[in-house]
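Structure assessment
The chain contents come next:
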Amino acid sequence: MTRDTIQGVFLALTAYLWWGLTPLYFKQVEAAGSFEVLSHRVIWSLVLLTFLLLLRKRWPEIKEIFSSPKIWGWLLLSALLVAVNWLIFIWSISNGRLVEASLGYYINPLVNVLLGVAVLGERLKLLKAVAVGLAAIAVGYLTYIGGEFPWIALTLATTFGFYGLIRKRLPVGAQVGIFAETAMVTPIALGYLIWIGTQNEVIYIAGGAGISLMLMLAGVVTTVPLVCFAAAARRLNYSTIGMIQYVGPTVNLLLATLLFGEAFTEVHAISFGLIWFAVFLFSAQSFVDMKRVKKQVAL
């Protein structure tokens, strides 16, 4: 392994472990409510990203984005998608639904496969086709036997899937794009905080110094793993990152069942078992594809 690869693996593991452990943070600020937490996440992320971009002198790229209506229009859509994703994830933690949220992030790569076929015209290879089929069976089983449609899992998977698709097709760097997205939804976040301020319901002010400081840390909680991920993506191939990405939902699931006391029923066990087998098949196909590409390059 090269030095770049080792650094990339370390950065990717840091990002996904961080994302896996974020429920511990959101549990500490759940008194503020999902919408207020999301608003602080947006605002303080913008503050931190502004500092980072000033440090790296990336402002010409920001100007270029906002001079192109097509680019900033797509970024606005991606910003709304990731904001919905964040909101539902925060809400799921506060409402004891982290098990279902973790299922969503297991399903997400399989949704990406379907989007690749439907939108990008990619071929659906056998193992990945079987994996997608198993995921569909798992969702159907959870809905029919469990008696509840897994809307949290599917919404998280699809919003992040479409978000990734948009960002994949836009000629915009990771940090610059994240800054632009955050800047676009900041007026909504500020407007919400001002509105609840008129109702005297702002926990940031009324909850004391402790929770105020915790809410300010939302920018660090959000931005650090994104920066690590962006750096890892430059050093690793997509298949390697694809393998590491399951660290996040695995940690989420362990926290939900072992620390937060959420139920993991027989229905969950069967559904997750199908998803895990689907993930195995998906990863196996990705590994085979990666080896084939390397062999062709060598020839």
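Computed from a predicted model, the values in this text were never measured in an experiment.

Moving on: the overall build of the protein. For the protein, the helix and strand inventory stands at 14 helices and 0 strands. The C-alpha atoms of the protein give a radius of gyration of 20 Å, which matches the 19 Å a tight globule of 299 residues would have. When the 299 residues of the protein are sorted by exposure, 46% land in the buried category. If you take every contact in the protein between residues at least 6 apart in sequence, the share linking residues at least 24 apart comes to 85%. As displayed, the protein offers around 15,100 Å² of accessible surface, 70% of which is attributable to carbon and sulfur atoms. For the protein, the centre of its 21 positive side-chain charges and the centre of its 13 negative side-chain charges are spaced 15 Å apart.

Turning next to the packing of aromatic side chains. Taken as a whole and judged by the stated rule, the model has 18 aromatic pairs. Ring centres 5.3 Å apart and planes at 65 degrees place the aromatic pair Tyr16 and Trp19 in the edge-to-face group. Of this pair, Tyr16 and Trp19 both sit in helix 1 (residues 3-28), 3 residues apart, which is roughly one turn of the helix. On the accessibility criterion, Tyr16 (10% relative accessible area) is buried. Given the relative accessible area of 24%, Trp19 is considered partly exposed. Measuring from centroid to centroid gives 5.2 Å for Tyr25 and Phe26, while their planes differ by 70 degrees, and the two rings are edge-to-face. Judged by relative accessible area, Phe26 falls into the buried class, the value being 2%.

A few words now on the side chain of His40. With respect to the helices and strands, His40 occurs in helix 2 (residues 34-56). The exposure class assigned to His40 is buried, which follows from its relative accessible area of 4%. Contact partners of His40, with chain neighbours within four places excluded, come to Ser45, Leu193, Tyr204, Leu215 and Ala218.

This part takes up the nonpolar core. Counting 77 residues, the largest nonpolar core has Phe26, Phe89 and Ile275 as the members making the most contacts within it. Residues Tyr16, Cys228, Ala231 and Ala232 belong to the second largest nonpolar core, which totals 10 residues.

As a further point, take helix 4 (residues 69-94). For helix 4, which comprises 26 residues, the first-to-last C-alpha distance of 37 Å matches the rise-based estimate of 38 Å (1.5 Å per residue) to within 8%. Count one or two residues on from helix 4 and you reach Gly96, which has phi positive near 65 degrees.

Our next topic: the pattern of salt bridges. Using the criterion set out here, one finds 5 salt bridges in the structure. Residue Glu61 is joined to Arg58 by a salt bridge in which the shortest nitrogen-to-oxygen separation is 2.5 Å. Note on Glu61: relative accessible area 31%, which makes it partly exposed. Assessed through its relative accessible area of 15%, Arg58 is described here as buried. Its salt-bridge partner being Arg167, residue Glu181 comes within 3.2 Å of it at the nearest N-O pair. Within this pair, whereas Glu181 is found in helix 8 (residues 174-198), its partner Arg167 is found in helix 7 (residues 151-169), the two being separated by 14 residues in sequence. The two residues Glu181 and Arg167 agree in class, both being buried.

Taken together, the side chains of Phe66, Trp72, Leu76, Leu80 and Ile188 define a hydrophobic patch exposed on the protein surface, amounting to about 440 Å² of accessible area. Looking at the nonpolar patch, the element that brings in the most residues is helix 4, giving 3 residues. Mapped onto the elements of the fold, Phe66 is located in helix 3 (residues 59-66). Judged by relative accessible area, which is 37%, Phe66 ranks as partly exposed.

About the thresholds
Residues numbered from 1 in each chain as written. Predicted model: local features only at pLDDT ≥ 70, side-chain atom pairs only at ≥ 80, totals over all residues. Heavy atoms only, no water. Helix = DSSP H or I, 4+ residues; strand = E, 2+ residues; numbered from the N terminus. Rg over C-alpha atoms; globule rule 2.2 N^0.38 Å. Buried < 20%, exposed > 50% of the residue type's maximum accessible area, 1.4 Å probe, protein only. Contact = heavy atoms within 4.5 Å. Areas by Shrake-Rupley, 256 points an atom, 1.4 Å probe, with all protein chains shown as cover. Lys, Arg positive; Asp, Glu negative; His and termini not counted. Charge placed at Lys NZ, Arg CZ, Asp CG, Glu CD. Phe/Tyr/Trp six-rings, centres within 6.5 Å; stacked < 30°, edge-to-face > 60°. Core = buried A, V, L, I, M, F, W, Y, C linked by side-chain atoms within 4.5 Å. Expected span 1.5 Å × (residues − 1). Salt bridge = Lys/Arg side-chain N within 4 Å of Asp/Glu carboxyl O. Patch = residues over 30% accessible without salt bridge, like charges linked within 9 Å, V, L, I, M, F, W, Y side chains within 5 Å.

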